[in-house]
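Coordinates in review
Here is what each chain is made of, one letter per residue.
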Amino acid sequence: MSPSTQDRLLAVIAHLAALAFGSGVVVPAALWSESRKKSAYVRFQTLQAFGYQSLGYTLWLLGVLFLVVLFYIGLVVIAVIVPDAAQNETILAVFSIAIVVMMFGAMGLYLLIPLIGAVLCGLGKDFRYPLLGGRLARSLGYQPEAGTDSPELDSAFEERFAAAMGHFAVILPIWGMLAPAWLWISHKSHSSWLKFQSAQTTLYQIFVNVFYFGLTFASIFIGFGSMALFAMTIDLGEWTAVAGMMVMICLLGCTGLVIPLFHILGQWAGLQTLRGRHFKYPLLGGWVEKFINFVGAR
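Rules used throughout
- Residues numbered from 1 in each chain as written.
- Predicted model: local features only at pLDDT ≥ 70, side-chain atom pairs only at ≥ 80, totals over all residues.
- Heavy atoms only, no water.
- Patch = residues over 30% accessible without salt bridge, like charges linked within 9 Å, V, L, I, M, F, W, Y side chains within 5 Å.
- Areas by Shrake-Rupley, 256 points an atom, 1.4 Å probe, with all protein chains shown as cover.
- Salt bridge = Lys/Arg side-chain N within 4 Å of Asp/Glu carboxyl O.
- Helix = DSSP H or I, 4+ residues; strand = E, 2+ residues; numbered from the N terminus.
- Core = buried A, V, L, I, M, F, W, Y, C linked by side-chain atoms within 4.5 Å.
- Buried < 20%, exposed > 50% of the residue type's maximum accessible area, 1.4 Å probe, protein only.
- Contact = heavy atoms within 4.5 Å.
- Polar contact = N/O pair within 3.5 Å; in protein donor to acceptor, adjacent residues only side chain to side chain.
- Axes fitted to C-alpha atoms, helices over the stretch in contact; angles between N-to-C directions.
- Parallel < 35°, antiparallel > 145°, perpendicular 65-115°, else oblique.
- Left-handed = near helix turned anticlockwise from the far one by under 90°.
- Nonpolar A, V, L, I, M, F, W, Y, C, P; charged D, E, K, R; others polar.

Take a nonpolar patch on the surface next. Together, Phe66, Leu67, Val69, Leu70, Ile73, Val76, Val77, Val80 and Ile81 make up an exposed nonpolar region whose accessible area comes to about 860 Å². Mapped onto the fold, Val77 is located in helix α3 (residues 40–81).

As structure tokens, then:
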């Protein structure tokens, strides 16, 4: 049975939300949440778009960071092997072009796949993301080739997958918490288990965002404050501003080392939830469980 025009439109919107580069992750989450009683086609397409824009973005970002590290390792190796490499304009130009091509190539690849998905869904085709789509279809029991568009999918795995993607979205500053927040408060058909997982990750991400921006602003404030303090107490002359900037950079560096630890915990929560375990964040999970009157694990 071919999907209706409305079903196609919802699937297209879900995939095109990836063009917002992370900030659109709430769109497929909301479309899936509001389509629980609709066709299997819409539920599958919106759910895998949610997965691509949450888990897929996480993997893409980690891949880019790996390439950047590899790039700088290459620079160090060349600096050791090639005499006066820093003064060699050809080497610097080649590496500059390489990093630009690498960054824009990775960005283009990330955006090209959902664009293809949007086009195919607009044509009524059954699009599946590489690696993700086939596994998700098997786990859900989604079989459009059977000639039926019955909404009978594995609803338990649907909710498990959606909850896990909410946890994975912690790597997206501010925007990541909108997806689990929607799943928490939007729809009465969601189980208490999904509401609990979505509630705790929403509150957890609020804490992480407040903590991150708080540390950032505090680092900047202390940096400028140290400049004034150095000017009043220590005669550093023209180095006063430099000393203050060094304090600021050091504190911002510490922030950059601390915040990823919270991201790692969120990724671990997503992995455990995807495996079907009832994950609770330390301290926060127990409080949320009591707050929403959730009893027992699923």
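A few words on the nonpolar core. Counting 47 residues, the largest nonpolar core has Leu47, Phe50, Tyr129, Leu136, Leu140, Tyr142 and Phe161 as the members making the most contacts within it. Listing elements by their share of this core, those giving two or more residues are α1 (5–16), α2 (26–33), α3, α4 (89–122), α5 (132–140), α6 (155–168), α7 (178–185) and α8 (192–233). Broken down by element, the residue count for this core peaks at eleven residues, all from α3. Once residues lying within four places of it in the same chain are set aside, the contact partners of Leu47 are Trp32, Leu136, Leu140, Glu158, Phe161 and Ala162. Val170, Ala269, Phe279 and Tyr281 belong to the second-largest nonpolar core, a separate cluster that totals six residues.

Turning next to unusual backbone geometry. Residue Ile174 is not a glycine yet carries a positive backbone phi of 65°. Using a relative accessible area of 39% as the deciding quantity, one classes Ile174 as partly exposed. Backbone geometry at Leu283 places phi at a positive 70°, although glycine is not the residue there. Owing to a relative accessible area of 82%, Leu283 belongs among the exposed residues under this scheme.

As a further point, take the environment of Glu159. Within the secondary structure, Glu159 is located in helix α6. For Glu159, a relative accessible area of 3% puts it in the buried group. At 2.5 Å, the side chain of Glu159 and the side chain of Ser191 are in polar contact.

Our focus in this paragraph is the packing of α3 against α6. Relative orientation of the contacting elements α3 and α6 amounts to 30°, with a least axis distance of 9 Å. By the angle between their axes, α3 is roughly parallel relative to α6. With respect to the hand of their crossing, α3 and α6 are arranged in left-handed fashion. Counting all contacts with α3, which are made through Arg43, Leu47, Phe50, Gly51, Ser54, Leu55 and Thr58, the residues of α6 involved are Glu158, Phe161, Ala162, Met165, Gly166 and Phe168. Of the residues assigned to the contact of α3 with α6, the class counts are seven nonpolar, four polar and two charged.

One can find Gln267 in helix α9 (residues 240–274). Given a relative accessible area of 17%, Gln267 falls into the buried group. Only 3.1 Å separates the side chain of Gln267 from the backbone oxygen of Phe168, close enough to count as a polar contact. Discounting chain neighbours no more than four positions away, the residues touching Gln267 are Thr58, Phe168, Val170 and Ile171.

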